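Take a look at the letters that make up each chain.
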Amino acid sequence: NLGAHLVLAVVNSHNYTGAVTDALTRLGNKRFGLIRLEEAVFAARRYGSGLGLAMCDIDQFKRVNDTYGHLAGDAVLKEVSRRIAACVRKADTAVRYGGEEFMLILPEADASLLQAIGEKIREAVAARPVGLGAAGGSVPITLSVGIVAFHAETDSGETLIARADAALYRAKDGGRNRVESDR
């Protein structure tokens, strides 16, 4: 009987992990990220703590898929995800938001340090070319980042995403491979 319960516990754990994790990148999935963002907004508002949100987008990703194929694109997504995850703290949440976009929830982040956090992530991705897996070779990859600080008086999770997204598009419009912030 104990063995059956242990097996059920393992299966349930596996099912939960699959429900909240992006299968390709092993980061949290969008649904999980949106829930974590609402929890972080609630905590930041209740305790008066800092909170940052970053939206990141791989520059010229469509060109990777079109030139080298989708398996190479998958290899790029996996490696960029790994580099992003290596830059965030244990309390932070890194999420594959969609396609080649990532969302980073940064609780207890000091607004004055957000630009530096964004630069650290951008630099980690651009530091060296990314291997293309079975396609062979490697390709330089850059990341554009929009990063914003939470304002308890005016922000919700939705407005925080909108502000970070607007900062991300300013980074793209400003030449890519940049960090734009809106404190």
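Note that the coordinates shown come from a computational prediction; the quantities given were computed from them, not determined experimentally.

Draft legend 1. Seen up close, the side chain of R163. Among the structural elements, R163 can be located in helix 6 (residues 157-173). For R163, a relative accessible area of 17% corresponds to the buried category. A polar side-chain atom of R163 sits 3.4 Å from a polar atom in the side chain of H151.

Draft legend 2. Representation of the packing of aromatic side chains. Using the criterion set out here, one finds zero aromatic pairs in the structure. For the cation-ring pair, K30 lies above Y97, with the distance from its terminal atom to the ring centre recorded as 4.4 Å.

Draft legend 3. A look at the environment of R170. One can find R170 in helix 6. A residue is classified by how much of its surface remains accessible, and R170, at 35% relative accessible area, is partly exposed. Placed 101 residues apart in sequence, R170 and G69 show a C-alpha to C-alpha distance of 28 Å. Setting aside its immediate chain neighbours within four residues, R170 contacts E180, S181 and D182.

Draft legend 4. Looking closely at the sheet that holds strand 6 (residues 143-149). An order of 2-3-1-6-7 is seen for the five strands of this open sheet, with the pairing classed as mixed. At either margin of the open sheet sits one strand with a lone partner, and together these are strand 2 (93-98) and strand 7 (179-182). Here the average twist between neighbouring strands, direction ignored, is 20°. In this structure, strand 1 (residues 51-58) lies alongside strand 6, joined through seven bridges in antiparallel fashion. Considered in strand 6, the bridge of C56 is made with V145.

Draft legend 5. Main features of the environment of R36. Relative to the elements of secondary structure, R36 occurs in helix 2 (residues 30-47). Setting aside chain neighbours within four positions, we find R36 in contact with T93 and I105.

The rules behind the values
Residues numbered from 1 in each chain as written. Predicted model: local features only at pLDDT ≥ 70, side-chain atom pairs only at ≥ 80, totals over all residues. Heavy atoms only, no water. Helix = DSSP H or I, 4+ residues; strand = E, 2+ residues; numbered from the N terminus. Buried < 20%, exposed > 50% of the residue type's maximum accessible area, 1.4 Å probe, protein only. Polar contact = N/O pair within 3.5 Å; in protein donor to acceptor, adjacent residues only side chain to side chain. Phe/Tyr/Trp six-rings, centres within 6.5 Å; stacked < 30°, edge-to-face > 60°. Lys NZ or Arg CZ within 6 Å of the ring centre and 35° of its normal. Contact = heavy atoms within 4.5 Å. Pairing = 2+ DSSP bridges. Axes fitted to C-alpha atoms, helices over the stretch in contact; angles between N-to-C directions.

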